[in-house]
Amino acid sequence: MVEAGVSQADKTEFTECWKTSWRTPYIMRLALSAGIGGLLFGYDTGVISGALLYIKEDFPVVDKKTWLQETIVSMAVAGAILGAAIGGWMNDRFGRRISIMVADILFFAGAIIMAAAPAPWMIILGRVFVGLGVGMASMTAPLYISEASPHRIRGALVSTNGFLITGGQFLSYLINLAFTHVNGTWRWMLGIAGLPAVIQFILMLSLPESPRWLFRNGKEEDAKSILEKIYRPEEVEDELQSLRQSTEQEKQEQAAEGGILGQLKHAWKNDVVRRGLYAGITVQVAQQFVGINTVMYYSPTIIQFAGFASNKTAMALSLITSGLNAIGSVVSMCFVDRYGRRKLMIISMIGIISCLVVLSIVFFQASATAPKISATETAFFGANSTCQAYTKANDAAAWGCRRCLGKEASCGFCSAAGDVYQAGACLEVNDAVKGACRAAKRIWYTEGCPSKIGFLAVIFLGLYIIIYSPGMGTVPWIVNSEIYPLKYRGLGGGIAAVSNWSANLVVSETFLTLTEHLGSSGTFLLFAGFSLVGLVSIFLLVPETKGLQFGEVEVVRERVLPISEE
């Protein structure tokens, strides 16, 4: 274990955080106001999963083209990559507070564009704007909270940002359900996201800049006045001295650097920064390649893969998994500074791998036991309604539900009357046929087949979420808010955030395509393999940083990280 020099707490940091915040409400005000960026992040992550179901109904071209569905989802991620990159520069140049406010403006603009979109291309444009705001907020909010928090409760307060991310996801599913039967469904779902952006913008007008950024930029008195509101009187001088030492070291090094390229070059040559990047990028990429955002972006679709046909039912069950995610964030706030960042991530990864393997088995069995296609049931709806691929197939008698719904046929399955698990009909996909199926009091399936074990997929998705959330959900952001030297904190956090969003883009842009080619079972097994690689990498590259002042973190990095040039 890489925990050299780390003192053990005799109480959870969450308890200490509560006591400190009660004595000094100003601290919690800072954390919650900045943390609305996390709420926006989470809302955008969750809302598209439900909105996509209704976008497909309004725009048939989206329903027919998997790549267009993936693009609508992933363009926010592409925007977030650019937003995170710009955010790293803006954090250092203009400060954390201004960066958060710019993110709010971008998010609000994107929400309005999506709500008014007359065509899929405009939804995509709005998703890019929202992504720019989310990318900036994703790395700026935890950085601001971290630098405006006493070191003894830093982890718990940064975890409030993670809690608000999961809270935003839970809220998005509630909003999705609320607008299920309202005209304009998905427009309301996407457009209402502009409201919290406006609220945060107004709140940030009355909040100060990060004291560490102020100190670094020569505004020592302003920084001191803020620290006096955050720390106990006897701790202020120690914190100022720590900042002074870091700043003096920066000034000595800064003369040899020029511009962002020069800073990148010198950052890479700096052993401490480079090792910090190894750890920071590792945890961010691992966070995405466990497949979490396939669940967040496509949760109702995955539940439909498990055999739940109704949009409303799929979203209601998705609400359960989102609620578990929020609960997991509370667990993180309670234990992240008692048991440490590294240990929580390792435990989380072991649980994630186990759940992904079980999910793979469940989806494999669900596919293997899917109902057959009955020629009699199919003929009941007439020749014009019968799936053309089924009619032309030489082996039609061997067809099952999965073959009917597969990429080759792209048809719909209408369940048998009275028993959804018996052989049903394979029919063309259009509104008239779907209506005829439902008029006959049968269930219409287009994403997944009826399954007696589909409920197990929901259970293990929920278990996967609650294991992921307190470890890999919040801890990577905490690690990246404290593992870099002050001088490179914005740059290092930006690089790691870009890595996170780049991995997110790969996962979100390929998930539906993977399920078409590998099936749900093969896709989840693939993510289990990626997770195993992530577990090994975290074990080898990531040090423990709990409870340390920022200067002490640098000492730990130099002492314990195993990667070196020697």
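Residues numbered from 1 in each chain as written. Predicted model: local features only at pLDDT ≥ 70, side-chain atom pairs only at ≥ 80, totals over all residues. Heavy atoms only, no water.

For clarity, the cut-off: UniProt positions are given in the numbering used here, feature names are shortened, and annotations may be inferred rather than shown by experiment.
An unreviewed UniProt entry annotates the protein as Inositol transporter 4 of Sesamum latifolium. The Subcellular location (unreviewed entry) field of the UniProt record for the protein holds the comment "Membrane".

### Focus: a nonpolar patch on the surface
Quick note on the threshold: A patch consists of residues whose relative accessible area exceeds 30% and which take part in no salt bridge; residues with like charges are grouped when within 9 Å of each other, and nonpolar side chains (Val, Leu, Ile, Met, Phe, Trp, Tyr) when within 5 Å. With residues, only the protein chains shown are counted as cover, and all accessible areas are computed by Shrake-Rupley using a 1.4 Å probe. Here, a salt bridge means any side-chain nitrogen of Lys or Arg that lies within 4 Å of a carboxyl oxygen of Asp or Glu. Per the convention used, a helix needs a DSSP run of H or I reaching at least four residues, while a strand needs a run of E reaching at least two, with both numbered from the N terminus. In this scheme, a residue with accessible area under 20% of its type's maximum is buried, one over 50% is exposed, and one in between is partly exposed, where area comes from a 1.4 Å probe on protein chains only.
Taken together, the side chains of Leu82, Ile86, Trp89, Phe94 and Ile98 present a nonpolar region at the surface, about 440 Å² in accessible area. At four residues, helix α4 (residues 66-94) tops the list of elements feeding residues into the nonpolar patch. Take Leu82: it is sitting in helix α4. You can call Leu82 partly exposed: its relative accessible area is 48%.

### Side note on the packing of α4 against helix α24 (residues 489-541)
Under the convention used in this document: Axis geometry follows a simple rule: fit a line to the C-alpha atoms, using only the stretch in contact for helices, then measure angles between N-to-C directions, giving values from 0 to 180 degrees. An angle counts as roughly parallel when it lies under 35 degrees, as roughly antiparallel when it exceeds 145, as roughly perpendicular when it falls between 65 and 115, and as oblique in every other case. Polar here means any residue other than Ala, Val, Leu, Ile, Met, Phe, Trp, Tyr, Cys and Pro, which are nonpolar, and Asp, Glu, Lys and Arg, which are charged; Gly is therefore polar.
With their axes 8 Å apart at the nearest point, α4 and α24 run at an angle of 175° to one another. In terms of axis orientation, α4 runs roughly antiparallel to α24. Taken together, the residues of the contact of α4 with α24 sort by class into 15 nonpolar, 12 polar and four charged.

### Concerning a negative patch on the surface
Selection criterion: Residues scored as charged are limited to Lys and Arg (positive) and Asp and Glu (negative), so that His and the chain ends carry no count. We put the charge of a Lys on NZ, of an Arg on CZ, of an Asp on CG and of a Glu on CD.
A surface patch of like charges, here negative, comprises Glu220, Glu221, Asp222, Glu228 and Glu248. Along the chain, Glu220 turns up in helix α11 (residues 220-230).

### Re the packing of aromatic side chains
Test applied: Here a Phe, Tyr or Trp ring, Trp counted by its six-membered ring, pairs with any other such ring whose centre lies within 6.5 Å, and the pair is stacked when the planes are under 30 degrees apart, edge-to-face when over 60, and tilted otherwise. Charge-over-ring contacts are defined here by two conditions on Lys NZ or Arg CZ: a distance within 6 Å of the ring centre and an angle within 35 degrees of the ring normal.
According to the stated counting rule, one finds 11 aromatic pairs in the structure shown. Judged by centre distance (5.5 Å) and plane angle (85°), the ring pair of Trp89 and Phe94 falls under edge-to-face. Between Phe380 and Phe381, the ring centres sit 5.1 Å apart and the planes meet at 85°, which makes this aromatic pair edge-to-face. By relative accessible area, which is 54% here, Phe380 ends up exposed. Classification of Phe381 as buried rests on a relative accessible area of 14%. One aromatic cluster is present, built from ring pairs that chain together Phe289, Phe527 and Phe530. Cation over ring: Arg93 sits above Phe94, and NZ or CZ is 5.1 Å from the ring centre. Taking NZ or CZ as reference, Arg342 lies 5.0 Å from the ring centre of Phe539, over its face.

### Thoughts on the state of the cysteines
Stated formally: Counting rule for disulfides: a pair of cysteine sulfur atoms within 2.5 Å.
According to the stated counting rule, one finds four disulfides in the structure shown. With a sulfur-sulfur separation of 2.1 Å, Cys414 is cross-linked through a disulfide to Cys437. Here the S-S torsion is close to 95°, and the disulfide linking Cys414 with Cys437 is therefore right-handed. Of this pair, Cys414 sits in strand β1 (residues 412-414) while Cys437 is found in helix α21 (residues 431-439), placing the two residues 23 residues apart along the sequence. For Cys437, a relative accessible area of 0% puts it in the buried group.

### Concerning the confidence of the model for the protein
Basically, it comes down to this: The predictor attaches a confidence to each residue, called pLDDT, with possible values from 0 through 100. Residue contacts follow a heavy-atom distance rule, with two residues in contact if any of their heavy atoms lie within 4.5 Å.
The share of residues in the protein with pLDDT of 70 or more is 86%, and the mean pLDDT across the chain is 81. Here helix α25 (residues 550-560) stands out as the least confident element of the protein, with mean pLDDT 49; strand β2 (residues 425-427) is the most confident, with 94. This model gives residues 1-11 a pLDDT under 50, and the stretch forms 27 contacts once residues within four places in sequence are excluded.

### Notes on unusual backbone geometry
Its identity is not glycine, yet Lys441 carries a phi of approximately 60°, on the positive side. Looking at where Lys441 falls in the secondary structure, it is placed in the loop between α21 and β3 (444-445).

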